[in-house]
Amino acid sequence: MTQSEADEWLHWLLHEVAWGNAFYEAFGRRFPIPRQQAWFADAGIRYRYSDNLLTTLPWPERLNRLRQRVESLTGQRFNSVLATLYRSGEDSVGWHADDESELGPAPVIASLSVGATRAFCLRPKITPGHQHTHEPQPEPQPEIAVPVHSGDLWLMQPPCQQHWEHAVPAETGIHQPRVNLTFRWVIPPAS
Ligand SMILES: O=C(O)CCC(=O)C(=O)O
Ligand SMILES: [Fe+2]
């Protein structure tokens, strides 16, 4: 999208979205995750991870039109979007893959960013499918860092989530916010 569209989207997302704080548990305590999130989805769509932490919001008309635009640009269908707000360079997301079973074995995720330029980092999973093990791990592979600019749209296609992890590390000196939208297809529950 153009810079002025990206600026408009940043303004709309910052002011109109009901941003929520999510938490993670460690050492028997709850800590806020270093970013804010909102989860929009079609009626009846549930996503275990997000559902535990976030309420499902209905699509605002404007966001629904953006979904249709992303669908026609990518040739993919999406029934949900996870919006993430990085309030400044202090906010981040750690290494993970979006490989929950609700996304199916080979998810296609479209990602759109507006606001501050941040590094989107990728690294191969150390042991595909067993990345959460506590056993000793071989040395991590060198990572790839792609600067993502305001208005950039990219696709994470198979086998990205199967074999790679991604992260947006904290960056000192960034005081502007960034919003990232990840459009996803969550397999609807069997009716
Ligand atoms: O902010 C980004 O570019 C990545 C966000 C992300 O990894 C996610 O929403 O799962
Ligand atoms: Fe992700």
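Residues numbered from 1 in each chain as written. Chains lettered and ligands numbered in written order. Predicted model: local features only at pLDDT ≥ 70, side-chain atom pairs only at ≥ 80, totals over all residues. Heavy atoms only, no water.

Under an unreviewed UniProt entry, the name given to the protein chain is Alpha-ketoglutarate-dependent dioxygenase AlkB, and the source organism is Oceanobacter antarcticus.

1. A look at the sheet that holds strand 7 (residues 118-124)
Which entries qualify depends on this criterion: What makes two strands pair is DSSP finding at least two bridges between them. Only DSSP runs of H or I reaching four residues or more are called helices, and only runs of E reaching two or more are called strands; each is numbered from the N terminus. Angles run from 0 to 180 degrees between N-to-C directions of axes, and those axes are lines fitted to C-alpha atoms, restricted for helices to the stretch in contact.
Ordered by their spatial adjacency, four strands build an open sheet running 5-10-7-8, and the pairing between neighbours is antiparallel. Across the chains shown, the open sheet's two edge strands, defined by having one partner strand only, are strand 5 (93-96) and strand 8 (144-148). Across the sheet, the mean angle separating the axes of adjacent strands is 20° when strand polarity is ignored. Note that strand 5 and strand 10 (residues 164-168) share two bridges and pair antiparallel. Residue pairing in the sheet places valine 93 in a bridge with valine 168 of strand 10.

2. Describing the pattern of salt bridges
Our working rule: A pairing counts as a salt bridge when a side-chain nitrogen of Lys or Arg comes within 4 Å of a carboxyl oxygen of Asp or Glu. Buried, partly exposed and exposed residues are distinguished by accessible area as a fraction of the type maximum, computed with a 1.4 Å probe on protein chains only: under 20%, between the cut-offs, and over 50%, respectively.
For the coordinates displayed, the defined rule picks out nine salt bridges. Residue arginine 184 is joined to aspartate 98 by a salt bridge in which the shortest nitrogen-to-oxygen separation is 3.3 Å. On the criterion of sequence distance, the pair formed by arginine 184 in strand 11 (residues 178-184) and aspartate 98 in the loop between strand 5 and strand 6 (109-115) is long-range, its members being 86 residues apart. The exposure classification of arginine 184 matches that of aspartate 98, with both residues buried.

3. Brief notes about the packing of aromatic side chains
The condition that has to hold: Two rings from Phe, Tyr or Trp (for Trp, the six-membered ring) form a pair when their centres sit within 6.5 Å of each other. Planes less than 30 degrees apart are called stacked, planes more than 60 degrees apart edge-to-face, and all others tilted. For a lysine, the NZ atom is tested; for an arginine, the CZ atom; a charge sits over a ring if that atom is within 6 Å of the ring centre and within 35 degrees of the ring normal.
In total, this model carries three aromatic pairs according to the counting rule given. The interplanar angle of 80° and the centroid separation of 5.4 Å between the aromatic rings of tryptophan 9 and tryptophan 12 together place this pair among those described as edge-to-face. Of this pair, tryptophan 9 and tryptophan 12 both sit in helix 1 (residues 3-16), separated by three residues, roughly a single helical turn. There is no split in this pair, since tryptophan 9 and tryptophan 12 are both buried. Lying across the ring of phenylalanine 23, arginine 30 places its NZ or CZ 4.2 Å from the centre. Above the face of the tryptophan 59 ring, arginine 67 is positioned so that its terminal group lies 4.0 Å from the ring centre.

4. Focus on the site of ligand 1
This is how it is decided: Throughout this document, a residue counts as near a molecule or strand when at least one of its heavy atoms sits within 4 Å of that molecule or strand. Any pair of N or O atoms that falls within 3.5 Å is considered a polar contact. Within protein, one atom must be able to donate a hydrogen and the other to accept it, and sequence-neighbouring residues count only if both atoms are side-chain atoms. Working definition of accessibility: Shrake-Rupley area with a 1.4 Å probe, residue cover restricted to the visible protein chains.
Every residue close to ligand 1 is listed here: Leu82, Tyr86, His96, Asp98, Phe120, Trp154, His166, Val168, Arg178, Asn180, Thr182 and Arg184. Here an oxygen atom of ligand 1 and a side-chain polar atom of aspartate 98 are 3.1 Å apart. Contact distances for ligand 1 include 2.7 Å between an oxygen atom and a side-chain N or O atom of arginine 178. Protein contacts shield 97% of the accessible area of ligand 1, which totals 290 Å² for the unbound molecule. Within the residue set of the shell around ligand 1, elements represented by two or more residues are strand 4 (80-86), strand 10 and strand 11. It is strand 11 that contributes the most residues to the shell around ligand 1, four residues altogether.

5. Observations concerning the coordination of the iron ion (ligand 2)
How we decide: Shown as donors are all N, O and S atoms within 2.8 Å of a metal ion, widened to 3.2 Å for Na, K and Ca; because water is not in the atom set, sites may appear incomplete.
At 2.1 to 2.2 Å from the iron ion (ligand 2) lie its protein donor atoms, namely His96 (NE2), Asp98 (OD) and His166 (NE2). All donors to the iron ion (ligand 2) come from one chain, and their sequence spacing reads H-x1-D-x67-H. On the criterion of sequence distance, the pair formed by histidine 96 in strand 5 and histidine 166 in strand 10 is long-range, its members being 70 residues apart. A relative accessible area of 4% means that histidine 166 is categorised as buried.

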